[in-house]
Each structure stands twice: as C-alpha cells, then as structure tokens.
Amino acid sequence: MKAVHFGAGNIGRGFVGLLLHEGGYDLVFSDVAAPLVDAINAASEYTVHEVGEGGSDKVVTGFRALNSQTDPQAVVDEIATSDVVTTAVGPTILKFVAPHVLAGLALRDPAAPPLQVMACENAIGATDILRDEIRAQAGDAWDAVSARAVFANTAVDRIVPAQPPGEGVDVTVEPFFEWAIERGPFGDTPPSIPGAHFVDDLAPYIERKLFTVNTGHATTAYFGAQAGIERISDALADPAIAAKVSATLEETSALLEAVHGLDAAELAEYRATILRRFANPALPDTVGRVGRQPLRKLSRHERFVGPAAAAAERGLSTTALVAAMGAALAFDEPDDAQSVDLQQRLRTEDAAAFTTSVTGLEPGHPLFAAVEEIVRRRQAAF
Ligand SMILES: NC(=O)c1ccc[n+]([C@@H]2O[C@H](COP(=O)([O-])OP(=O)(O)OC[C@H]3O[C@@H](n4cnc5c(N)ncnc54)[C@H](O)[C@@H]3O)[C@@H](O)[C@H]2O)c1
Ligand SMILES: O=P(O)(O)OC[C@@H](O)[C@@H](O)[C@H](O)[C@H](O)CO
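Keep in mind that this is a model prediction, so the values were computed, not measured. (Residues numbered from 1 in each chain as written. Chains lettered and ligands numbered in written order. Predicted model: local features only at pLDDT ≥ 70, side-chain atom pairs only at ≥ 80, totals over all residues. Heavy atoms only, no water.)

What about the site of ligand 1?
Step number 1: Near ligand 1 you find 25 residues, and of these N10, I11, D31, E121 and V160 are the closest.
Step number 2: In this structure, an oxygen atom belonging to ligand 1 sits 2.9 Å away from a main-chain N or O atom of I11.
Step number 3: Here R292 contributes a side-chain N or O atom positioned 3.2 Å from an oxygen atom of ligand 1.
Step number 4: Here ligand 1, which alone exposes 820 Å², has 84% of that area covered by the protein.
Step number 5: Those elements that place two or more of their residues in the shell around ligand 1 are α1 (10-22) and β2 (26-31).
Step number 6: Looking at the shell around ligand 1 residue by residue, the class counts come to 13 nonpolar, seven polar and five charged. (Near = heavy atom within 4 Å. Polar contact = N/O pair within 3.5 Å; in protein donor to acceptor, adjacent residues only side chain to side chain. Areas by Shrake-Rupley, 256 points an atom, 1.4 Å probe, with all protein chains shown as cover. Helix = DSSP H or I, 4+ residues; strand = E, 2+ residues; numbered from the N terminus. Nonpolar A, V, L, I, M, F, W, Y, C, P; charged D, E, K, R; others polar.)

Concerning the site of ligand 2
Step number 1: Lining the immediate environment of ligand 2, one finds 14 residues, of which D157, K209, R289, R292 and R296 sit closest.
Step number 2: Interatomic distance of 3.0 Å between a backbone N/O atom of R158 and an oxygen atom of ligand 2.
Step number 3: Interatomic distance of 2.7 Å between a side-chain N/O atom of R292 and an oxygen atom of ligand 2.
Step number 4: Alone, ligand 2 offers 400 Å² of accessible surface; in the complex the protein occludes 94% of this.
Step number 5: Elements with a minimum of two residues in the shell around ligand 2: β9 (154-157), α7 (203-226), α11 (287-290) and α12 (294-297).
Step number 6: Of the residues assigned to the shell around ligand 2, the class counts are three nonpolar, three polar and eight charged.

Describing the domain arrangement of the protein chain
Step number 1: Along its sequence, the protein chain is organised into domain 1 (2-200) and domain 2 (204-380).
Step number 2: Between domain 1 and domain 2, the C-alpha centre-to-centre distance is 28 Å.
Step number 3: The partner domain 2 presents 24 residues to the 25 residues of domain 1 that form the contact.
Step number 4: Around 1,800 Å² of area is buried between domain 1 and domain 2 when both sides are counted, 65% of it from carbon and sulfur atoms.
Step number 5: Broken down residue by residue, the surface that domain 1 buries against domain 2 is led by N122, I124 and I159, which jointly contribute 32%.
Step number 6: Applying the counting criterion to the domain 1 and domain 2 interface returns three salt bridges.
Step number 7: Across the pair E178 and R208 runs a salt bridge, and its minimum N-O distance is 3.6 Å.
Step number 8: Between the two partners, domain 1 and domain 2, sit five residue pairs in polar contact (both at pLDDT 80 or more).
Step number 9: Broken down by secondary-structure element, the contributors of at least two residues to the side of domain 1 that touches domain 2 are β9, β10 (171-173), β11 (178-182) and β12 (197-199). (Domains from an automatic or database assignment. Contact = heavy atoms within 4.5 Å. Buried area = accessible area lost by both parts, 1.4 Å probe. Salt bridge = Lys/Arg side-chain N within 4 Å of Asp/Glu carboxyl O.)

What follows is the structure in structure tokens.
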C-alpha cells in the first residue's frame, strides 16, 4: 500500500505520516521546501518524540520525498498508483495541491480501486474544499475522473510545535492524538489507519475540536502575546489568562451542547484535558505559531467568529469570545504576513467596513455590534 502526503511539516511528519506508516503504507512526502525534501531523502528513518506524561519515541521508516514544485510529474505518477492521498499544508494551500491530484487521477487506471483522499487541515470540510478545487480545475474532465477517487473529511488533533532548526527531520510532539474520519465515502474498504476512528457524522467532532482545542489555543496565544509571553505553557500558567481561556471555552461548550446535544459533563472533561495539554511544560510551543495567520483565524467559519456568530444567533453568551477576538486584533507579529496586513487594515479601514471584510459578518447580524465595538477600541488605542 502506498500513500502520498502533501506537506512534510510539523503535523505531516509528526502525526499523519506516523499513523500512515503504522497502518502499513509506504510513504511519499510531497513538499515545496527543497532543503526539507533533501533532508528527508537523506534519512532512512526519523523519530517522533512524544514529550510529556506517557510519551515515548516512535520510529518511522519506509518513506521518501518529492518536490512538487521542481518535479511535479513525479508526484503525479506516484498519485496515479497510490491508495491514499493526504494533505497537511494549510487550508489556503489546497488549491495548489489540487492540480497534482487531478493530473494523478487522469493518469490512474480506471479499473483501480478509488484513490482515498483526506485533507488533514484545521478547517471545517477541508477535504470538500480540496475536492471542489479539483472539480473546478477539471472542468468538463471531472465526470471522467471523479469516479477514480473518494473524498472524506477528517478532524486531526495533535499539538506539534515548530521544530527547532538544525534538528534534522525528527519531530517533537505531545503524546495525545485523535484522528476522526468520515466513514461513509469509503463504503466497505476504509483506509488502514489503526490509530484513526471512523465516524458517520463528522460535524460534532470537527466542531468540538476546532471550537475547543483551536479556540482555546488561539485565545491563549493572543492574550499571551499581549502580555509579552512567548510560550503557550507559560501563558496558561498566568491565572488571569487561564481564566479568560476557560470563560471562552465555557461559551463554545454551551454552543456545542445546544447544537450537537453533546453532554455537558463530557465537554467539561474534554476542556480539562485540553487545558492540561496546553500546559504541558515539555512542549516548546509558542504564541507566534499558535497565533499565526490571524486573518484566517478571524474569518467567518473559523474558531472565533464561527462559534460566536452561532451563539449570538441562539441568544447564548459571547462576551469572552468577543474579548478573545479583541486580543487577536492586537496580535502584532512582524514575521507573520497576515498580522502585518491586519495591523495595516486596522489603521486604514473604518470599523464597520473592517468588521465586515475580516469577519464576514453583515451589519444586521446579532454579533456585529459587539465586534465592531472591539475593533473601534483597538483603533482608538493607536
Ligand atoms: N501543528 C499542529 O499542531 C497541527 C495540528 C493539527 C492540524 N494542523 C494543521 O495542519 C496543517 C499544517 O500545519 P503544520 O503545523 O504542519 O504546518 P507546517 O508549516 O509545519 O507544514 C506545512 C508544510 O507544507 C509545505 N507546503 C507548503 N506549500 C505546499 C505545497 N504547495 N505543496 C506541498 N507542500 C507544501 C510547507 O513547506 C511545510 O513543510 C495546517 O492546516 C494546520 O492547521 C496542525
Ligand atoms: O494550525 P492553526 O494555525 O490552524 O492553529 C494553530 C494551533 O492551534 C494548531 O496547530 C494546534 O496545535 C492543533 O490544531 C492541535 O491539534
């Protein structure tokens, strides 16, 4: 069995690649970072170091890497004969992966079992986004190639910090992981990934994950950055920040309970586990990584506006979520292009226009006035 995985970065090597290896797949990483591709090809194995309570080392073998920028045909040829394609490149990069998958499908033996495609990104319906991109790029050819693949959405959870330079291709990760995958698209032949669980309805899983792990993580990062703290674990050790994170997650849990009927006690336990994961002192994670791309994180269906808008529509509390969005607006990180853009736009756009263009909220929405107000306050602070 063979899997092509796009994005040999933190989660690609430290989670998706590891679980595919454990499932028995030969791994072909595809990336655009030439030094990373070379480093992977120079190694015959790499180690995933799980740090913190219960962690152990896991060794990955049986992989190689291709550069999809300089050698796209090699990637296409591999996809044509693969069983599985996964991605962990970031939701905005999926459109650049699509042409390779499309060309691989065009080359694929129509009698072969369908390629199993799973995008492992922090976004609702990431695989649908990839499939829609492939369909749009295929145009009239879509009818011919669409039967050669099945597309399943997934929710992936493992904290993998940025890896320090000069440490080769080993990866430091937390011990915890969860990978939930839609069962339906695979029929009787799901991919062989023993560490994953297959579910009939992914919506509660992806929303619970994104609106708890990622909402809480980003809240910790933005309040931490405001307080001049670098590490996520240090930010959460600050009682004032921890209280704000807890308040934010109580709001998202109330929403998850209302929308998906999730059990309040189980959600409380889920939140407690997550806060323990963030506090892991052995994990060198930073507010810069977790806060990265604030414009994406403030967009309509993401970790703040997604749950806050839905909560406001139901008359549920959004006070803590809106305060966390206020902290996001203060995220000023010169190395992050979206942070630079965010700060620039706060200086040049009026509050109402900024609120609509960044959050996708329309002026009549029940959340709009509260968000516009924190935008105004941020602008007044310049
Ligand atoms: N790190 C985590 O804790 C974590 C956990 C769950 C989900 N995720 C999600 O996984 C995705 C990747 O995150 P990451 O932390 O591994 O980021 P990363 O920056 O470490 O890895 C992304 C990799 O994608 C590569 N890439 C960029 N453009 C590409 C292209 N066109 N084709 C192939 N490769 C390309 C980059 O060179 C890089 O190696 C994101 O969607 C993220 O939200 C991350
Ligand atoms: O990857 P992002 O930028 O969407 O979010 C940053 C972190 O919150 C994220 O990478 C988490 O570490 C991960 O989602 C944990 O499963």
